[in-house]
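In case you want the letters, here they are:
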Amino acid sequence: MYILEEQRLKEEIRSRKAKRVLLQFPDGLKPLSTEVVRRLGELLPEVEFLTSGEPSFGSCDIAEDEARLLNVDLIVHFGHTPYTWYYPKFPTLFVDAKSTLTVTPEELNELRTAIRRREARTISLTSTVQHSDVLKEVANYLRSEYEVKIGKPSNPFMYDGQVWGCDYKAATTVNADVYINVSGGEFHSLGLGLATGKPTLNLDPYTGTVKDVTEEVWKVLKVRYSKMYKAMEGTTWVVIQGLKVGQNRPLMVKYLVSSLEKRGMRTFTFTSKYLTKESIRNFDRSYIDAYVVTSCPRLPTDDFYDFEKPVLTPGEAKMIITGKMEPYIFPW
């Protein structure tokens, strides 16, 4: 189901003369890890392969600290292209892990029907890296009836139309009536809707379904605004600085702290490498009114959506600081 490029890895690992290699997979690909190790072990019996069991959420989350601790020569990171602004300092190979799934005529017809319901004339197409090759097929099908736009990504390592959970530049740089994302599940499509504020469809090659997620996006927006208005009533904020190498944003932390304090807020800064509800509750106090997470903007909207106090994205905090509540800023 995925192209894991073992032959390319064999050549790259040999050319780099690596003897100990750390493999890093996102959770969705971890079940394939033992098979990858077995096949690579057959191709490179002289190399020792270790697999990271830690969570991996993207190429902002390369296991550099783990690699140094284990004294490996090379990291192989599966499932993502290099991050927008951060490239690992540790020797790292990226494997796209593109899906071999295609879209069927029935799925394309269902997609066209969903677009017609929105009475669209122009559409934007995006996808995750796993399905970037499918975009051309979808675009060719739709161009006879619609103006199709596939935007440029935010860095040269990404594919045209490729989006991340925190990076939707390939969509926000084009203007369309409807935005369509090709990916498994609704995670990226919900983010796409938050980033564009436009009708959003999700084409899922794994389930073979098309879903209009626009109403779900609006439900999320209502929750986000209620949390922002609640945070505006508070006087004590906690700014959480991420410690993962691609999520550490000291300048953003400095801006938020100084701007909030200029508005008369009292602030505390905490650091976290892996943030959970339990870890926030460990340092929560009754007088703390709101939190802002600078590591990953999807944490507030997904993992902390039902937390008992407002947990905001940097974009939401900026809206409060500037007093401009429209348009909604996502992700940053």
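Residues numbered from 1 in each chain as written. Predicted model: local features only at pLDDT ≥ 70, side-chain atom pairs only at ≥ 80, totals over all residues. Heavy atoms only, no water.

The protein appears in an unreviewed UniProt entry as 2-(3-amino-3-carboxypropyl)histidine synthase from Sulfodiicoccus acidiphilus. Taken directly from UniProt, the Sequence similarities (unreviewed entry) text for the protein runs: "Belongs to the DPH1/DPH2 family." In its Cofactor (unreviewed entry) section, the UniProt entry covering the protein states "[4Fe-4S] cluster". (UniProt positions renumbered as here; feature names shortened; annotations may be inferred.)

### Looking at the domain arrangement of the protein
When cut into domains, the protein gives domain 1 (6–95), domain 2 (105–217) and domain 3 (234–322). Here domain 2 and domain 3 have C-alpha centroids that lie 30 Å from each other. (Domains from an automatic or database assignment.)

### Overview of the packing of helix 7 (residues 187–196) against helix 8 (residues 214–232)
Helix 8 packs onto helix 7 with a crossing angle of 65° between their chain directions and a minimal axis gap of 9 Å. On the basis of their axis angle, the class for helix 7 and helix 8 is roughly perpendicular. The handedness of the crossing between helix 7 and helix 8 comes out as right-handed. Contact residues: helix 7 offers Leu 190, Gly 193 and Leu 194, while helix 8 offers Glu 216, Val 217, Val 220 and Leu 221. Tallied by class, residues from the contact of helix 7 with helix 8 come to five nonpolar, one polar and one charged. (Axes fitted to C-alpha atoms, helices over the stretch in contact; angles between N-to-C directions. Helix = DSSP H or I, 4+ residues; strand = E, 2+ residues; numbered from the N terminus. Parallel < 35°, antiparallel > 145°, perpendicular 65-115°, else oblique. Left-handed = near helix turned anticlockwise from the far one by under 90°. Contact = heavy atoms within 4.5 Å. Nonpolar A, V, L, I, M, F, W, Y, C, P; charged D, E, K, R; others polar.)

### Regarding helix 1 (residues 6–15)
All buried positions along helix 1 are accounted for by Glu 6, Leu 9 and Ile 13. One side of helix 1 holds all its buried residues, which, seen down the axis, span an arc of 55°. Facing away from the buried side of helix 1 by over 90 degrees, the exposed positions are Glu 11 and Ser 15. Next to the buried residues of helix 1 lie strand 2 (20–24), helix 2 (33–43), strand 3 (48–51), strand 4 (74–78) and strand 5 (92–95). At the exit of helix 1 stands Lys 17, carrying a positive phi of roughly 55°. (Buried < 20%, exposed > 50% of the residue type's maximum accessible area, 1.4 Å probe, protein only. Arc of directions from axis to C-beta.)

### Quick notes on the packing of helix 4 (residues 105–117) against helix 5 (residues 134–142)
The description of two packed helices rests on the angle between their axes and on the distance between the axes. Close contact between helix 4 and helix 5 brings their axes to 11 Å; oriented N to C, the two are set at 60°. Considering the angle they form, helix 4 stands oblique to helix 5. Every pair of crossing elements has a handedness; the one defined by helix 4 and helix 5 is right-handed. Residues Leu 108, Asn 109, Leu 111, Arg 112 and Ile 115 of helix 4 pack against Val 138, Tyr 141 and Leu 142 of helix 5. By residue class, the composition of the contact of helix 4 with helix 5 is six nonpolar, one polar and one charged.

### Section: the nonpolar core
One finds Tyr 225, Met 228, Trp 237, Val 239 and Tyr 328 to be the most contacted residues of the largest nonpolar core, which totals 34 residues. At the level of secondary structure, the elements contributing two or more residues to this core comprise helix 6 (169–172), helix 7, helix 8, strand 12 (236–242), helix 9 (250–262), strand 14 (290–293) and helix 12 (314–322). Split by domain, this core shows at least three residues from each of two domains, domain 2 (105–217) and domain 3 (234–322). Beyond its immediate stretch of four places on either side in the chain, Val 239 contacts Val 253, Leu 256, Val 257, Leu 260, Phe 268, Thr 269, Phe 270, Val 292 and Thr 294. Among the nonpolar cores identified, the runner-up in size contains 21 residues, and Leu 108, Ile 123, Val 178 and Val 182 belong to it. (Core = buried A, V, L, I, M, F, W, Y, C linked by side-chain atoms within 4.5 Å.)

### Regarding the pairing of strand 9 (residues 178–182)
The element strand 9 is largely enclosed, with a buried count of five among its five residues. Because side chains alternate across strand 9, one face comprises the buried residues Val 178, Ile 180 and Val 182, and the other comprises Tyr 179 and Asn 181, equally buried. Note that strand 7 (residues 122–127) and strand 9 share five bridges and pair parallel. In the sheet register, Ser 127 faces strand 9, and the bridge partner there is Val 182. Inspection of the sheet shows strand 9 paired to strand 10 (residues 200–204) by four bridges, in the parallel sense. Residue pairing for strand 10: Val 182 is matched across the bridge by Leu 203. (Pairing = 2+ DSSP bridges.)

### Remarks on the side chain of Ser 189
Tracing the backbone through its elements, the reader meets Ser 189 in helix 7. With residues up to four places along the chain from it excluded, the contact list for Ser 189 reads Asn 181, Ser 183, Thr 200, Leu 201, Asn 202 and Val 213.

### Topic: the environment of Ser 127
On the secondary structure map, Ser 127 appears in strand 7. Residue classification places Ser 127 among the buried positions, given a relative accessible area of 0%. The spatial distance from the C-alpha of Ser 127 to the C-alpha of Tyr 141 is 16 Å, given a sequence separation of 14 residues. Beyond its immediate stretch of four places on either side in the chain, Ser 127 contacts Ser 132, Leu 135, Gly 161, Gln 162, Val 163, Asn 181 and Val 182.

### Digging into the sheet that holds strand 11 (residues 209–212)
If you walk across this open sheet you meet the five strands as 8-7-9-10-11, and the pairing is mixed. Across the chains shown, the open sheet's two edge strands, defined by having one partner strand only, are strand 8 (147–149) and strand 11. Averaged over neighbouring strand pairs, the angle between their axes works out to 25° when direction is ignored. Sheet topology places strand 7 next to strand 8; three bridges connect them, and they run parallel. Counterpart to Ile 123 in the pairing with strand 8 is Val 148. Lying on the sheet, helix 5 is in contact with strand 7, strand 8, strand 9 and strand 10; it crosses strand 7 at an angle near 165°.

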